[in-house]
Amino acid sequence: MKKIIFLLAFMLTTFMGQAQMIGINYQMSIPFGKMHDYISKGSFRGANVEYHQFIDKHISVGGSIGWNVFYKDMGRYTENFGLSGNDNIYTFTGKQYRYINTVPIMLNGRYHLYENGAKYQPYAGLSVGTRWTEYETEIGQYTASTSRWQFAVSPEIGIYVPINQIIAANIGISYNFATRAANGRIPAYNTLMFNIGVLFLNVQN
Amino acid sequence: MKRLLFYSLASLLMGLCIYSCYPDGPDSTTDYDVAITTYDRSLPDTFWTSLNTFAMPDSIVYVSSSSSYTPSAVYDSTILLYVSQKFEDVGFYQVSDNLVNPDFVVTLTMNIDTYYNWNYDWYDYWGWYPGWSSWWNFNGSWTPYWNSGIVYAYRNGSLIVDMLTPVTSADTTALSVVWSGIADGVLVGSESSLVSRTESMIEQCFEQSPYLTK
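Residues numbered from 1 in each chain as written. Chains lettered and ligands numbered in written order. Predicted model: local features only at pLDDT ≥ 70, side-chain atom pairs only at ≥ 80, totals over all residues. Heavy atoms only, no water.

1. So, the overall build of chain A
Move 1: Tallying secondary structure elements over chain A gives two helices and eight strands in all.
Move 2: Within chain A, the fraction of its 205 residues that count as buried is 47%.
Move 3: For chain A, restricting intrachain contacts to residue pairs at least 6 apart in sequence, the fraction spanning at least 24 positions comes to 63%.
Move 4: With the model as given, the accessible surface of chain A reaches about 10,300 Å², and the carbon-plus-sulfur share is 65%. (Helix = DSSP H or I, 4+ residues; strand = E, 2+ residues; numbered from the N terminus. Buried < 20%, exposed > 50% of the residue type's maximum accessible area, 1.4 Å probe, protein only. Contact = heavy atoms within 4.5 Å. Areas by Shrake-Rupley, 256 points an atom, 1.4 Å probe, with all protein chains shown as cover.)

This is the structure:
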């Protein structure tokens, strides 16, 4: 642990002279696969905070943490459930609400097409990390909820346009995948996500 | 330092924004109404069609450890009538005298509580049902059971309609709960609204049990 902290501190001080970026993004997601089977509606509730440290004129490394919420009002709906404590199968009919909450914590690497100072800056990146995902079904006063950590990968492309020395507008799209967990009760994570946000630049030309 | 302050404020604002647009859940009492059914899946389809007659006590048993709230007798009689009518609609015949042993007995239990873990030990309270012992020459040594122990987590009001049948084999005589229909909801509102909500949940219980047929 000490070694890791030392290494991180070393990296930070080494690259402190280089440019950095902090970003805040609003995110919209379209679910696919079994996620879509559970909640077919797109998510308009999402955001993340990201940090990028340039280690080269074209390459940055960093990380991000986010939060995305998927929600669907199923209306009056009939579904079978098991209750803890016995093996019977119960058929529940009532107003059903479904939620997916996910918190991705990712390490990120990006390749920036142009050097700092360009009028616009296209980039491509890859994030690897984990996401905590919770599936929750509410019927009446009953709640069925499962949450797990998933291994997550997200390739992305985007472009940001500096408005002045400090602020840039960012727009990007990413495909997000995470492995299934809890024997499939948390299915594989599959979304196409749109990012719109602001980047705060700390560029030393 | 100014920049740090700016970032902190921006993050805080974003957090508030996300929190405020978090999706809603139920917003009226009836949104909590749930109809729940379960049945003994080990029984063959022919079991249900083999049943003909049933008997029903003329009262609802109230189980509550913390609440003194009980609906009036009007609620009881309306609901009892409704439930027996539903079973007759399926094609079963209600027998009211003790001359015939019914194929099954229907019991109505209202559980009122905030949180209550319950298993079928409550059948120790069998004595509550008047005339109970006359069905199937009940002698006290029979114990009702589900295949497995059952634990519910009920809240507020649950009206449980149980179908019980006698099981006789070489080494056991028991009463088996073969079907349960549960009307689960929040016990607020006028009595007439409570009656109509209970009825529509019971209706749904029968609707989602297509195997209950003649």
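This is not the end of the story, as more comes after the structure.
2. Brief notes about the overall build of chain B
Move 1: Looking only at helices and strands, chain B features four helices and eight strands.
Move 2: Tracing chain B from N to C terminus, the helices and strands come up as α-β-α-β-β-α-β-β-β-β-β-α.
Move 3: In chain B, which comprises 214 residues, the proportion classed as buried is 48%.
Move 4: In chain B, 80% of the contacts between residues at least 6 apart in sequence involve partners at least 24 apart.

3. Topic: the packing of helix H3 (residues 73–90) of chain B against helix H4 (residues 191–207) of chain B
All names here are of chain B.
Move 1: Two elements in contact, H3 and H4, have axes whose closest approach is 10 Å; the angle formed by their N-to-C orientations is 20°. Comparing their axes, H4 and H3 come out roughly parallel. As for the relative orientation of H3 and H4, their crossing is right-handed in sense. Residues Val74, Tyr75, Thr78, Ile79, Tyr82, Val83, Lys86, Phe87 and Val90 of H3 form the contact with H4, whose participating residues are Glu191, Leu194, Val195, Thr198, Glu199, Ile202, Glu203 and Phe206.
Move 2: For the contact of H3 with H4, the residue count by class is eleven nonpolar, two polar and four charged. (Axes fitted to C-alpha atoms, helices over the stretch in contact; angles between N-to-C directions. Parallel < 35°, antiparallel > 145°, perpendicular 65-115°, else oblique. Left-handed = near helix turned anticlockwise from the far one by under 90°. Nonpolar A, V, L, I, M, F, W, Y, C, P; charged D, E, K, R; others polar.)

4. A word on the pattern of salt bridges
Residues and elements named next belong to chain A.
Move 1: Taken as a whole, this structure holds six salt bridges over all chains when the rule is applied.
Move 2: Note that Arg110 is salt-bridged to Glu50, the shortest N-O span being 3.3 Å. Separated by 60 residues along the polypeptide, Arg110 in strand S4 (residues 89–112) and Glu50 in strand S2 (residues 45–54) bring together distant segments of the chain.
Move 3: Overall, Arg110 belongs to the buried group, its relative accessible area being 2%.
Move 4: Residue classification places Glu50 among the buried residues on the basis of a relative accessible area of 7%.
Move 5: The salt bridge partner of Asp73 is Lys95, with a shortest N-O separation of 3.8 Å. Remark: Lys95 occurs in strand S4 and Asp73 occurs in strand S3 (residues 59–82); sequence separation between them is 22 residues.
Move 6: A residue is classified by how much of its surface remains accessible, and Asp73, at 35% relative accessible area, is partly exposed.
Move 7: Residues joined in a network through salt bridges with shared partners are Glu50, Arg110 and Glu156. (Salt bridge = Lys/Arg side-chain N within 4 Å of Asp/Glu carboxyl O.)

5. Considerations on the environment of Tyr75 of chain B
All names here are of chain B.
Move 1: The topology assignment puts Tyr75 in helix H3.
Move 2: Remark: the alpha-carbon pair of Tyr75 and Glu191, spanning 116 residues in sequence, is separated by 7.1 Å.
Move 3: With residues up to four places along the chain from it excluded, the contact list for Tyr75 reads Ile60, Tyr62, Met110, Glu191, Leu194, Val195 and Thr198.
Move 4: Of the polar contacts made by the side chain of Tyr75, one reaches the side chain of Thr198; its length is 3.0 Å. (Polar contact = N/O pair within 3.5 Å; in protein donor to acceptor, adjacent residues only side chain to side chain.)

6. Things to note about the pairing of strand S1 (residues 20–31) of chain A
Residue and element names in this part refer to chain A.
Move 1: Pairing geometry for S1 and strand S8 (residues 189–202), over twelve bridges, is antiparallel. What sits directly across from Tyr26, in S8, is Ile196.
Move 2: As paired strands, S1 and S2 are joined by seven bridges and run antiparallel to one another. Bridging across to S2, Ile22 finds its partner in Tyr51. (Pairing = 2+ DSSP bridges.)

7. Considering H4 of chain B
Move 1: With 17 residues, H4 of chain B should reach 24 Å at 1.5 Å per residue; the first-to-last C-alpha distance of 24 Å fits that figure.
Move 2: Every buried residue belonging to H4 of chain B is among Leu194, Val195, Arg197, Thr198, Glu199, Met201, Ile202, Gln204, Cys205 and Phe206 of chain B, and all of these are buried. (Expected span 1.5 Å × (residues − 1).)

8. Re the pairing of strand S6 (residues 142–162) of chain A
All names here are of chain A.
Move 1: Note: strand S5 (residues 121–139) against S6, 19 bridges, orientation antiparallel. From the neighbouring strand, Thr130 faces S6, where its bridge partner is Phe151.
Move 2: Hairpin geometry of S6 and strand S7 (residues 167–178) is characterised by an intervening segment of four residues between the two adjacent antiparallel strands.

9. Here's the deal with the confidence of the model for chain A
Move 1: Summary statistics for chain A give a mean pLDDT of 89 and a share of 90% for residues scoring 70 or more.
Move 2: Per-element mean pLDDT across chain A ranges from 63 in helix H1 (residues 2–15) of chain A up to 96 in S7 of chain A. (pLDDT = per-residue confidence, 0-100.)

10. Description of the side chain of Ser64 of chain A
Move 1: By the secondary structure assignment, Ser64 of chain A is in strand S3.
Move 2: Setting aside residues up to four positions removed in sequence, Ser64 of chain A forms contacts with Asn48, Val49, Glu50, Pro104, Ile105 and Met106 of chain A.

11. Examining the packing of aromatic side chains
Pairs of aromatic rings are described using the distance from one ring centre to the other and the angle between the two planes.
Move 1: By the definition in use, this model includes 19 aromatic pairs over all chains.
Move 2: Look at Tyr114 of chain A and Tyr120 of chain A: their rings are 5.9 Å apart centre to centre, the planes differ by 85°, and that puts the pair in the edge-to-face class.
Move 3: You can call Tyr114 of chain A partly exposed: its relative accessible area is 34%.
Move 4: Overall, Tyr120 of chain A belongs to the partly exposed group, its relative accessible area being 42%.
Move 5: Taking 5.5 Å as the distance between ring centres and 15° as the angle between the ring planes, the aromatic pair formed by Phe54 of chain B and Phe104 of chain B counts as stacked. Residue Phe54 of chain B is found in strand S2 (residues 53–55), and its partner Phe104 of chain B is found in strand S5 (residues 104–118); the two are separated by 50 residues along the sequence.
Move 6: Here the aromatic cluster, defined as three or more aromatic residues joined through ring pairs, consists of Phe54, Phe87, Phe92, Phe104, Trp179 and Phe206 of chain B.
Move 7: Here the basic side chain of Arg110 of chain A rests over the ring of Tyr123 of chain A, its NZ or CZ set 3.9 Å away from the ring centre. (Phe/Tyr/Trp six-rings, centres within 6.5 Å; stacked < 30°, edge-to-face > 60°. Lys NZ or Arg CZ within 6 Å of the ring centre and 35° of its normal.)

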